[in-house]
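Each chain is listed here by its residues.
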Protein chains: 2
Amino acid sequence: MVEVPLTQAQLARQIAVALGEEPADVVIRGGRVFDLVTGELRRADVAIAGERIVGLGEGYEAREVVEAEGLTLVPGFVDAHCHIESSLVAPYAWEEAVLMRGTVAAVCDPHELANVCGTEAIDFFRRSAEGMVMHLQVQASSCVPALPSEEAGAKLDAEALAPYAKAGLSLAEMMNVPGVLGRAPDVLAKLAAFSGQPIDGHAPCLAGRALDGYLAAGIANDHECSTVDEALEKLRRGMTLFLRAGSVGRDLARLAPILTLTHCDHLCLCTDDRDPLDIREHGHMDAAIRQAIALGCDPLAVYRAASLTPARHFGWRQRGLVAPGYAADIVLVSDLAECRVAGVLCRGRIVDPERFEARPPCPVPEAFHGSVKMREVSAADFAPPAPGPVIGVREGSLLTDAVAWPANPAGSDLAVAALIERHGGSGRIGRAWVTGFGLKHGALASTVGHDSHNLCVVGTSPEEMALAANTVRASGGGFAVVIEGRVAASLPLPVGGLMSERPAAEVADTLATLRAAAKETGSVLENPFLSLAFLPLPVIPAARLTLGGFQAV
Amino acid sequence: MVEVPLTQAQLARQIAVALGEEPADVVIRGGRVFDLVTGELRRADVAIAGERIVGLGEGYEAREVVEAEGLTLVPGFVDAHCHIESSLVAPYAWEEAVLMRGTVAAVCDPHELANVCGTEAIDFFRRSAEGMVMHLQVQASSCVPALPSEEAGAKLDAEALAPYAKAGLSLAEMMNVPGVLGRAPDVLAKLAAFSGQPIDGHAPCLAGRALDGYLAAGIANDHECSTVDEALEKLRRGMTLFLRAGSVGRDLARLAPILTLTHCDHLCLCTDDRDPLDIREHGHMDAAIRQAIALGCDPLAVYRAASLTPARHFGWRQRGLVAPGYAADIVLVSDLAECRVAGVLCRGRIVDPERFEARPPCPVPEAFHGSVKMREVSAADFAPPAPGPVIGVREGSLLTDAVAWPANPAGSDLAVAALIERHGGSGRIGRAWVTGFGLKHGALASTVGHDSHNLCVVGTSPEEMALAANTVRASGGGFAVVIEGRVAASLPLPVGGLMSERPAAEVADTLATLRAAAKETGSVLENPFLSLAFLPLPVIPAARLTLGGFQAV
């Protein structure tokens, strides 16, 4: 988000409104401002000219008045790191869901779609950002594919990313830790090209000298801490940490003890991956704020981490405070601790459906369709592997465990998981045993399979796994649940096999149906499709599903 | 200070040293690190490669070892706002005095020399910065002259400053508050040209809607707060404040109560104007730190304000912490609360006299000499004005008072002050009554006269005032003390009438002699020359000496 310099005319108008010599464009009247510098709650009207706050006080004349009696004004929320694709909808539809929740800005890595569609994905997100009401800072995806060993739909080397560095984009999460520590030339070339900007990190469980080596590469932040000890070590080494409140990576609950006033200028909140049902039922950044305060964190520290700290971390001057000269991106909450959003102003104006309708069209490129390039599969493709190490899935975490073969397989929830290359390359299929899903019968399939987005299936019978896989193949990508030999529910995701072109509400409805159906398989996970989707992610310890089968990480 | 991007080779070397695969260039061994994120003091060796810290730990091999047993490592200090000219020496000589005190970086406004010599002054400071050991961020002086009504040696309009905006300089303190609030076209043009960078402020006593108007112009910070109430109002309006520990503007003592952990990420320390004697006797940023802690401020808040906060405010990524990936600018202190500096590393290496000797030559341009362009004056030029309002000088503050004519003039310390245009323009002389110097006899003269740097004289007799003025005129600028009709002491400042080309120690010695001589006049001020030099400053309330005589501000 490169700031557009203000013109002389804009400055003159802002000054005149601040002095009360001209009426404001908008005044928010009668509310209290939560001052994130001092921690005070103070009664003040807020005068706005154009997209900037120009005064805190009273008695302003205005063309438009927003009544805020009984409400508290806080700076708009910043999602420090997210993949919009995990919402299963396109950026415009995602914005409609999250902006009303108070998220006025986000740093987004189009990593998922880029793994399927390459640089065209980054370009599509940038075009979307230009039309959006909120502020979207699109980054250049650093690791497509996540590791050189992966079979993804695209490969973005340093040369492919160089134009984005020149255009001022920052480099998104550097997850190729072995490449950094091993000084792989292409990785170094990327780091050097983006040097000087904040380079986003991704370093789960990295510690000691290996962590120092990673930081010596100029990496500024991390969003993969799982424990307080890990977070403290990273803070002590000067990293800014993003505490994640994702649909699967629900780290915030574990990390709340470090979210203090002492540390909060080095802590941001982020969602990383949040599905549309979670957004609808629990919220977005507002849910993260609510959760942190409920866990006992100081509201001043929490709201700073949700706005001021990320703004400063990314070098966005004059954002993240409700103060004169700052961006008029303001959330009105009816309850500060509960973070109940009663209204949102973005770019100086109240956010309502009309503003979404007024956006310029931003169609999904035709090339993003038809991305599931694989043959039809059959039960023979899903023969159970020999007994061996098992992938242990954890609720609420991206981390997995390498579990030994159980003493009593019949009494366990062992299931077979398979990964099918779907980008028209090798056509390979890898299979491994998993535990933790709780599956009793049926199968689940998904073309969302981090980060290469090959087709993942988990199930109790080869026939049902084949049906589930062929179902999502036929719809050009998506999720499917098969129970008792029949498709119980499905959600087509034809955009790169990752996203729908439908509104977020409709996708959330279908996802609710899917989840209910998934429960019928016996699944004990809150969000079995996302847990399935993260099974292949090769950059998260400790056990993964690859095209070669089980792999320890 | 535009960061130079790291090359692939530098990144590879940094990573290898961090991992312990190659010996470090320097290791600081045996000390404790003061962690400004967590507030912890921890035992750690620090490994350095090139100009970066790459590891905290132990057991590093190194080409050079710095023994730090019993010492504490803190990030190098950043002076958030200063005018090097006030040290009375050139930038190279100034660096020799302050870097050994721990000031590894400074944001400097060449405003004083620019008022005499124009853009050549900015260019000279930029050339100096290129050769210096420490990091000097030179700004573009926004207000030359300070107000349009001033008669200075140069005039820098928006057109003259535009190349500096293009070169990435930030705009220095915008002291023309009436110009901002009145939307003067040239002021708006400057603000627009530098929009997007932090624009430095200067807003003494500004409050309420006028302050909002000033902030609506995009101004980010202020270093002119005199009271806690003023500082709190500015913090509440989102400003970053620089708490000043100058030779005259000694605001830190009054503002210490706000330097808390809650506010410290919006507070920096600065010196603004600090003379060479103060630097030698009390220190530089180290003195500010020592003073703040002695006043009861939390050391964590103080050290943050001295390094991390200014680094972040000015957008210097990966500076201001002792952590891997950060700049290896480190101060070793033998006592944290006393801030006793035992050694300094800058750009990865110990600072010693050899490094100063290795700097490329940076001669003062010949054009900066011969700047005192006025006729010889005589006693007739200093006839006392009629009784009227009096300028009241305050110890330790730039603020002055407009004082009524005393009931008993004979029993007061009334003296006459005069300002003589010296840039070859009007040749005007303004006179006014002053109180607060404590002068009993004699006269003081100075070609340092903020900010236009006309010649200031204060004295008890017209003859002695003329002699003092003619003495500094004859030496091409400087300070002089006249007692009993004779020159008791003088300090030539031939560079623009502001600076010497001699080493700081020599200038400090002469200044000590001058001060002692000034005491003989009865002066009760600790630093009468600086108080004299600030008498004409038209952008500080409440009473000033101008070429038209007394003026209320």
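The structure displayed is predicted, hence computed values, not measured ones. (Residues numbered from 1 in each chain as written. Chains lettered and ligands numbered in written order. Predicted model: local features only at pLDDT ≥ 70, side-chain atom pairs only at ≥ 80, totals over all residues. Heavy atoms only, no water.)

1. Looking at the sheet that holds strand β9 (residues 103-108) of chain A
Residue and element names in this part refer to chain A. What counts is decided by this rule: Criterion used throughout: strands pair if DSSP finds at least two bridges between them. For helices the rule is a DSSP run of H or I covering at least 4 residues; for strands it is a run of E covering at least 2, with both sets numbered from the N terminus onward. Only the stretch in contact is used when a helix axis is fitted, and all axes are lines through C-alpha atoms; the angle between N-to-C directions ranges over 0 to 180 degrees. Should any heavy atoms of two residues lie within 4.5 Å, those residues are counted as being in contact.
With parallel pairing, the three strands of this open sheet are ordered in space as β8-β9-β10. Each of the sheet's edge strands pairs with one partner strand only, and the pair in question is β8 (77-82) and β10 (135-138). Strand-to-strand twist across the sheet, computed as the mean angle between neighbouring axes with direction ignored, equals 15°. Relative to β9, β8 runs parallel, the two sharing four bridges. Of the residues in β9, the one forming a bridge with Asp 79 is Ala 106. Its contacts with the sheet place helix α4 (residues 119-131) against β9 and β10, and it is angled at close to 160° to β10. On top of the sheet, helix α12 (residues 285-294) reaches β8 and β9; it is set at about 100° to β8, its chief contact.

2. Thoughts on helix α2 (residues 91-98) of chain A
Heads up, the rule is: Each residue is placed in one exposure class: buried if its accessible area under a 1.4 Å probe, protein chains only, is under 20% of its type's maximum, exposed if it is over 50%, and partly exposed if it falls in between.
The element α2(A) is extensively covered by neighbouring structure, given that six of its eight residues are classed as buried. Taken together, the buried positions of α2(A) are Pro91(A), Tyr92(A), Ala93(A), Trp94(A), Glu95(A) and Val98(A).

3. Thoughts on the sheet that holds strand β4 (residues 45-49) of chain B
All names here are of chain B. Here four strands make up an open sheet; going across it, the order is β5-β4-β1-β6 and the pairing mixed. Every interior strand has two partners, whereas the edge strands, β5 (52-57) and β6 (62-67), have only one. When the angles between neighbouring strand axes are averaged without regard to direction, this sheet yields 25°. Sheet topology places strand β1 (residues 24-29) next to β4; three bridges connect them, and they run antiparallel. Of the residues in β4, the one forming a bridge with Ile 28 is Val 46.

4. Some thoughts on the pattern of salt bridges
Residues and elements named next belong to chain A. Applied cut-off: Salt bridges are identified by distance alone: a Lys or Arg side-chain nitrogen within 4 Å of an Asp or Glu carboxyl oxygen.
Counted according to the given criterion, the structure contains 66 salt bridges over all chains. For Arg 250, the salt bridge goes to Glu 526, with nearest N and O atoms at 3.8 Å. Of the two residues, Arg 250 is situated in the loop between β12 (240-244) and α10 (252-255) and Glu 526 in the loop between α16 (504-520) and α17 (528-534); the sequence distance between them amounts to 276 residues. By relative accessible area, which is 25% here, Arg 250 ends up partly exposed. For Glu 526, a relative accessible area of 37% translates into the label partly exposed. Between Arg 319 and Asp 329 there is a salt bridge, with the nearest N and O atoms lying 3.2 Å from each other. Highlighted residues: Arg 319 in the loop between α13 (299-313) and β14 (330-335) and Asp 329 in the loop between α13 and β14, separated in sequence by 10 residues. As far as burial versus exposure is concerned, Arg 319 and Asp 329 are alike and both buried. Here the salt bridges share partners, and the residues they tie into one network are Glu 224, Arg 244, Asp 251, Arg 254 and Asp 272.

5. Structural notes on unusual backbone geometry
All names here are of chain A. With an omega of 0°, the peptide bond running from Val 144 to Pro 145 counts as cis. With respect to the helices and strands, Pro 145 occurs in the loop between β10 and α5 (158-166). Residues Pro 541 and Ala 542 are joined by a peptide bond in cis, for which omega reads 5°. Tracing the backbone through its elements, the reader meets Ala 542 in the loop between α17 and β25 (543-546).

6. Focus on the interface of chain A and chain B
Keep this limit in mind: Throughout, buried area stands for the accessible area (probe radius 1.4 Å) lost by two parts on being put together, summed over both. As used in this structure description, the phrase polar contact means that two N or O atoms lie within 3.5 Å; if the pair is within protein, one of them must be able to donate a hydrogen and the other to accept it, and residues adjacent in sequence are counted only when both atoms belong to side chains.
Contacts between the two partners involve 69 residues from chain A and, on the opposite side, 69 residues from chain B. Carbon and sulfur atoms make up 54% of the surface buried where chain A meets chain B, a total of about 5,500 Å² over both sides. Of all residues in chain A, the largest losses of buried area upon contact with chain B belong to Arg209(A), Arg236(A) and Arg317(A), amounting jointly to 13% of the total for that side. Taken together, the links from chain A to chain B amount to four salt bridges. Linking Arg183(A) and Glu21(B) is a salt bridge whose minimum nitrogen-to-oxygen distance equals 2.9 Å. Along the contact surface separating chain A from chain B lie 20 residue pairs in polar contact (both at pLDDT 80 or more). Those elements giving two or more residues to the side of chain A that touches chain B turn out to be α1 (8-18), β5 (52-57), α6 (177-181), α7 (185-193), α8 (208-215), α9 (228-236) and α13 of chain A. If one sorts the elements of the side of chain A that touches chain B by residue count, α1(A) sits on top with seven residues.

7. Structural notes on the relation of the copies chain A and chain B
Just so we agree on the cut-off: Alignment of copies: least-squares fit on C-alpha atoms of residues with pLDDT of at least 70 in both copies.
When chain A is fitted to chain B, the residual RMSD is 0.1 Å, and the transformation amounts to a turn of 180° plus an axial shift of 0.0 Å. What we have between these two chains is a two-fold relation. Minimal C-alpha distance to the rotation axis in chain A is attained by Gly315(A), lying at 3.2 Å.

8. Quick notes on the packing of α7(A) against helix α1 (residues 8-18) of chain B
Relative placement of two packed helices is described by the angle separating their axes and the distance separating the axes. We apply this condition: Roughly parallel means an angle under 35 degrees; roughly antiparallel means over 145; roughly perpendicular covers 65 to 115; every other angle is labelled oblique. Crossing handedness follows the turn of the near helix against the far one: under a right angle anticlockwise gives a left-handed crossing, and clockwise gives a right-handed one. Under the scheme applied, nonpolar residues are Ala, Val, Leu, Ile, Met, Phe, Trp, Tyr, Cys and Pro; charged residues are Asp, Glu, Lys and Arg; polar residues are all the others, including Gly.
Running from N to C, α7(A) and α1(B) point in directions that differ by 110°, and their axes come no closer than 9 Å. Judged by the angle between their axes, α7(A) and α1(B) are roughly perpendicular. α1(B) is crossed by α7(A), and the crossing has right-handed handedness. Facing Pro185(A), Leu188(A), Ala189(A), Leu191(A) and Ala192(A) of α7(A), the residues of α1(B) in contact are Gln8(B), Leu11(B), Ala12(B) and Ile15(B). Among the residues making up the contact of α7(A) with α1(B), the classes are represented as eight nonpolar, one polar and no charged.

9. Notes on the environment of Leu467(A)
All names here are of chain A. Secondary-structure assignment places Leu 467 in helix α15 (residues 462-474). Owing to a relative accessible area of 29%, Leu 467 belongs among the partly exposed residues under this scheme. Sequence spacing of Leu 467 and Val 302 is 165 residues, and the spatial spacing of their C-alpha atoms is 46 Å. For Leu 467, the contacting residues outside a window of four places in its chain are Val 482, Gly 485, Arg 486 and Val 487.

10. Looking at the packing of helix α12 (residues 285-294) of chain B against helix α13 (residues 299-313) of chain B
Residue and element names in this part refer to chain B. Taken N-terminus to C-terminus, the directions of α12 and α13 make an angle of 155°; their axes are 9 Å apart at the nearest point. Between α12 and α13, the angle falls in the class roughly antiparallel. Once α12 is placed against α13, the crossing between them reads as right-handed. Contact with α12, carried on its side by Met 285, Ile 289, Ala 292 and Ile 293, involves Pro 299, Val 302, Tyr 303 and Ala 306 of α13 and no other residues of that element. A breakdown of the residues in the contact of α12 with α13 according to their chemical character gives eight nonpolar, no polar and no charged.

11. Re the pairing of strand β15 (residues 340-346) of chain A
Residue and element names in this part refer to chain A. The pairing of β14 with β15 spans five bridges and is antiparallel. The residue of β15 that forms the bridge with Asp 335 is Arg 340. Remark: four residues form the turn of the hairpin made by β14 and β15, two consecutive strands paired antiparallel; Cys 339 in that turn has positive phi of roughly 50°. Summarising the sheet, β15 and strand β16 (residues 349-350) pair through two bridges and their orientation is antiparallel. Within the sheet, the bridge partner assigned to Cys 346 lies in β16 and is Arg 349. Linkage of β15 to β16, two consecutive antiparallel strands, is achieved through a turn of two residues, within which Arg 347 is found at a positive phi near 55°.

12. Some remarks on the side chain of Asp413(A)
All names here are of chain A. This is how it is decided: A positive count includes Lys and Arg, and a negative count includes Asp and Glu. His and the chain ends are not counted in either.
Along the chain, Asp 413 falls in the loop between β18 (400-403) and β19 (415-420). One buried charge, Asp 413, has no salt-bridge partner; the nearest side chain with opposite charge is Lys 440, at 7.9 Å. From its side chain, Asp 413 meets the backbone nitrogen of Gly 438 in a polar contact 2.8 Å long.

13. Here we look at α7(A)
Among all positions of α7(A), only Val187(A), Leu188(A), Ala189(A), Lys190(A), Leu191(A) and Ala192(A) are buried. Buried positions along α7(A) lie against α5 and α6 of chain A together with α1 of chain B.

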